[in-house]
Amino acid sequence: MINLTIGEKVWQAVVYLILIFLSLLCLLPFLYVVAVSVTPESEVLRRGIVIIPESFTFIAYKEVFISHGIGQAYKITLFRTIVGTALNVFFTVIAAYPLSKKYLPGRSPFLLFIVFTMMFSGGLIPTYLLIRSLGLLDSPWVLIIPNLISAFNLVIIKGFFEQLPGEIEESARVDGASELQSLWRIILPLSLPVLATISLFYAVGHWNSYFDAIVYINDSNLMPLQVVLRNILLNVATQSADSIANTGAVSTFAVQMAAVVVTTVPILMVYPFMQKHFTKGVLLGSVKG
């Protein structure tokens, strides 16, 4: 055990206090959102800022689930997040593995082309025309296929693969393993940290994305969760005023806060399970380009 001087102990205590203070600053807004969503309107008007409610009501959540199509939006978002993330990781690995081999013919032009797409794109209108010509409009697949591979994530995985000892694959090749067998049985088990990191990147991107759905989808039954949340935040005051006024228990603001909680909590629950792999994967995958 390291013996610290009095000055070092004081400095350590000050650092911990600062970190605790900053953590509370980040946590209090979320606690406020949760508290308002379960607090009766009269109490919100009386107290102003509510962190710990004196009484509870879940009418705002009932209003969100019954009146705003959250259930169907959850299905679309879960489909997009689960299926999309699985396909994203699969195709990103399939593309990054050969590009990590320096003996691949044409490797440099391929990498240049990929990096070029990180800085320049065709633009919204050409992309829309392409997607329309492919027949993907008003389809849940339009939320997945156009962004199947992220160039940034591909570069991270490629850098991770390049750091693995080449002798491992050479020994597997001597034993008769093919490239795909080496990838599946050797490389991927060693790459769990970076795969967890990339999976989290893709999953959070799918869960939070809404702009592509607004552009490419007109069917309200195919709208993901974030679009429904956006509509609630914009229109709840006019759409739900009568129904909420009849109950006399919650305000339209509480309905907005309930919608935020409903759409935020599920993805937040993923982070504690991924944090260890997330940190390790980012550090290992970003050492090389």
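Residues numbered from 1 in each chain as written. Predicted model: local features only at pLDDT ≥ 70, side-chain atom pairs only at ≥ 80, totals over all residues. Heavy atoms only, no water.

Naming follows an unreviewed UniProt entry, where the protein appears as Carbohydrate ABC transporter membrane protein 2, CUT1 family (TC 3.A.1.1.-) of Paenibacillus uliginis N3/975. In its Sequence similarities (unreviewed entry) section, the UniProt entry covering the protein states "Belongs to the binding-protein-dependent transport system permease family." According to the UniProt record, the Subcellular location (unreviewed entry) comment for the protein reads "Cell membrane". (UniProt positions renumbered as here; feature names shortened; annotations may be inferred.)

(A) Broad picture of the UniProt feature "transmembrane region" (unreviewed entry) in the protein. If you check UniProt for "transmembrane region" (unreviewed entry), the listed places come out as residues 13-36, 78-98, 110-129, 141-161, 182-204 and 253-274 in our numbering. End-to-end, the C-alpha atoms of residues 13-36 are 34 Å apart, and along that stretch the chain is 100% helix and 0% strand. Helix makes up 96% of residues 182-204 and strand 0%, whereas the separation of the span's terminal C-alpha atoms amounts to 30 Å. (Helix = DSSP H or I, 4+ residues; strand = E, 2+ residues; numbered from the N terminus.)

(B) Structural context of the packing of helix H8 (residues 166-174) against helix H9 (residues 179-190). Running from amino to carboxyl end, H8 crosses H9 at an angle of 140°, the nearest separation of the two axes being 10 Å. By the criterion of interaxial angle, the relationship of H8 to H9 is oblique. Relative to H9, H8 is oriented so that their crossing is right-handed. Every residue of H9 that contacts H8 at Ile168, Glu169, Ala172 and Arg173 is listed here: Glu179, Ser182, Ile186, Ile187 and Leu190. Here the contact of H8 with H9 is composed, by residue class, of five nonpolar, one polar and three charged. (Axes fitted to C-alpha atoms, helices over the stretch in contact; angles between N-to-C directions. Parallel < 35°, antiparallel > 145°, perpendicular 65-115°, else oblique. Left-handed = near helix turned anticlockwise from the far one by under 90°. Contact = heavy atoms within 4.5 Å. Nonpolar A, V, L, I, M, F, W, Y, C, P; charged D, E, K, R; others polar.)

(C) Region of interest: the packing of aromatic side chains. Following the criterion strictly, the structure yields seven aromatic pairs and no others. On the basis of an interplanar angle of 65° and a centroid distance of 6.1 Å, the ring pair of Tyr74 and Trp207 is categorised as edge-to-face. With Tyr74 in helix H4 (residues 70-99) and Trp207 in helix H10 (residues 192-208), the pair connects residues that are 133 residues apart, well separated along the chain. Owing to a relative accessible area of 4%, Trp207 belongs among the buried residues under this scheme. With centroids separated by 6.0 Å and ring planes inclined at 80°, the aromatic side chains of Tyr97 and Phe161 adopt a geometry described as edge-to-face. Here the residue Tyr97 occupies a position in helix H4, and Phe161 occupies one in helix H7 (residues 151-163), the gap between them amounting to 64 residues. Taking relative accessible area as the criterion, Tyr97 reaches 7% and is therefore assigned buried. (Phe/Tyr/Trp six-rings, centres within 6.5 Å; stacked < 30°, edge-to-face > 60°. Buried < 20%, exposed > 50% of the residue type's maximum accessible area, 1.4 Å probe, protein only.)

(D) Up close: the nonpolar core. The biggest cluster of nonpolar side chains holds 24 residues, and the ones touching the most others in it are Tyr61, Val64, Ile70, Tyr74, Leu225 and Ile232. Each residue touching Leu225, except ones within four places of it in the same chain, is listed here: Ile70, Ala73, Tyr74, Thr77, Trp207 and Thr263. Counting residues in each nonpolar core, the second largest holds 21 residues, with Val93, Leu154, Ile157 and Leu195 among its members. (Core = buried A, V, L, I, M, F, W, Y, C linked by side-chain atoms within 4.5 Å.)

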